[in-house]
Amino acid sequence: MTLGTREVELFERARGRLEAIAYRLLGSAGDAEDAVQDTFLRWQAADHEHIETPEAWLTTALTNICLNQLTSARARRETYVGQWLPEPVLAGDRMLGPAETAEQRESVSIAVLTLMERLSPNERVVYVLREAFGYSHLDIARMIELSESNCQQLYRRAKQHLAAGRARVEVDAAAARRIAEEFLAAALSGDTDPLVRLLAADAVSVADGGGAVPARGTPMVGAVAIARFLRGILRSSTTQRLGDVGVHAAVVNGGPALLAVVDGRVAGVMSLEVTAGGVAAVHIQANPAKLERATREWHRS
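Residues numbered from 1 in each chain as written. Predicted model: local features only at pLDDT ≥ 70, side-chain atom pairs only at ≥ 80, totals over all residues. Heavy atoms only, no water.

Here we take up the side chain of Glu87. Mapped onto the fold, Glu87 is located in the loop between helix 3 (54-78) and helix 4 (102-107). For the buried residue Glu87, which engages in no salt bridge, the nearest side chain bearing the opposite charge is Arg293, 5.8 Å off. Separated by 2.9 Å, the side chain of Glu87 and the backbone nitrogen of Ala29 make a polar contact. A polar contact of 3.2 Å, which involves the side chain of Glu87, links it to the backbone nitrogen of Gly30. In contact with Glu87, not counting residues within four places along its chain, are Tyr23, Gly27, Ser28, Ala29, Gly30, Asn253, Lys290 and Arg293. (Helix = DSSP H or I, 4+ residues; strand = E, 2+ residues; numbered from the N terminus. Buried < 20%, exposed > 50% of the residue type's maximum accessible area, 1.4 Å probe, protein only. Lys, Arg positive; Asp, Glu negative; His and termini not counted. Salt bridge = Lys/Arg side-chain N within 4 Å of Asp/Glu carboxyl O. Polar contact = N/O pair within 3.5 Å; in protein donor to acceptor, adjacent residues only side chain to side chain. Contact = heavy atoms within 4.5 Å.)

See below:
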């Protein structure tokens, strides 16, 4: 079916919101784009005369596409090589979606996207739609064909699971960049002590290479061990002469991060989780498949 101008415009106005929902649900910008494209195909084939509220119809279609992907993703995670981390998204990318409230900003942080892997598909859908986009439990219940009380229970369980993480400190973009710059300076200082002072004593470092690049298969724990490791990889990356290599302070998913850029391509993103006790977690994304969008956005910035 060929869409009319009105139907195309309706979809394009909704595209940014749909991408932001899908990214939070799937933890992957690439998968989110695919889910939105699948939603467009369903929209193209729909009987528009009987659709009273296009926004609700599109959100429902997208949500159910994502639910199917989340269910199959659980099986894929079992065979994933090494640690799994979400795809990082640079500041300014529309995939991040709304950021007016603390809940919206937190829901797209690398720390929370990682923790959301603990949730069941239904828990994740209810949490994201309620917490980040303000949908009522009744509206969510209609989208995923559950009772309103069931959705309320799923939301409470999701909140409990996510509360098991650390108490993060929210920082604005300017503060995030300052933290990233301070962390980078400490890492390049040639001494582990400045890094140890910035890290929480029980800090954790997790790396995702996806089997495509070398990455530690288990988390690294402890400020001293992490400081030594980071000092080594950052110093070696700036001294190697295999190409044009640079490490830059950045803001990723609303938080401080370091970007390793090799010959114009983002080769690694190191996201820092900030708590009152210091940097409590370092999430290192090195899987090339999860850095393609970051490279495109890096060139646009």
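Alright, that's what it looks like, and here's the rest.
As a further point, take the pattern of salt bridges. For the structure on display, the rule yields 12 salt bridges. With a shortest N-O distance of 2.9 Å, Glu12 and Arg15 are connected by a salt bridge. One end of the pair, Glu12, and the other, Arg15, are both in helix 1 (residues 5-26), 3 residues apart, so they sit about a helical turn from each other. Across the salt bridge formed by Arg124 and Glu117, the nearest N and O atoms sit 2.8 Å from each other. With relative accessibility at 26%, the residue Glu117 sits in the partly exposed group. Residues participating in the shared-partner salt-bridge network are Glu33, Asp93 and Arg293.

Take helix 8 (residues 148-163) next. Between its first and last C-alpha, helix 8 extends 23 Å over 16 residues, near the 22 Å set by a 1.5 Å rise per residue. Among the structural elements, helix 5 (110-115), helix 6 (121-131) and helix 7 (137-144) are those in contact with the buried residues of helix 8. (Expected span 1.5 Å × (residues − 1).)

A word on the packing of aromatic side chains. Following the criterion strictly, the structure yields 3 aromatic pairs and no others. The interplanar angle of 70 degrees and the centroid separation of 5.0 Å between the aromatic rings of Phe11 and Phe40 together place this pair among those described as edge-to-face. Here Phe11, found in helix 1, pairs with Phe40, found in helix 2 (residues 29-45); they are 29 residues apart in sequence, far enough to count as distant. We classify Phe11 as buried; its relative accessible area is 0%. (Phe/Tyr/Trp six-rings, centres within 6.5 Å; stacked < 30°, edge-to-face > 60°.)

Moving on: the packing of helix 6 against helix 7. It is the contact of helix 6 with helix 7, at a shortest axis distance of 10 Å, that shows an interaxial angle of 140 degrees. Between helix 6 and helix 7, the angle is such that the two are oblique. Like other packed secondary-structure pairs, helix 6 and helix 7 cross with a definite hand, here right-handed. Taken together, the residues of helix 7 that come into contact with helix 6 (itself represented by Asn122, Val125, Val126, Leu129 and Arg130) are His137, Ile140, Met143 and Ile144. Of the residues contributing to the contact of helix 6 with helix 7, the split by class is 6 nonpolar, 2 polar and 1 charged. (Axes fitted to C-alpha atoms, helices over the stretch in contact; angles between N-to-C directions. Parallel < 35°, antiparallel > 145°, perpendicular 65-115°, else oblique. Left-handed = near helix turned anticlockwise from the far one by under 90°. Nonpolar A, V, L, I, M, F, W, Y, C, P; charged D, E, K, R; others polar.)

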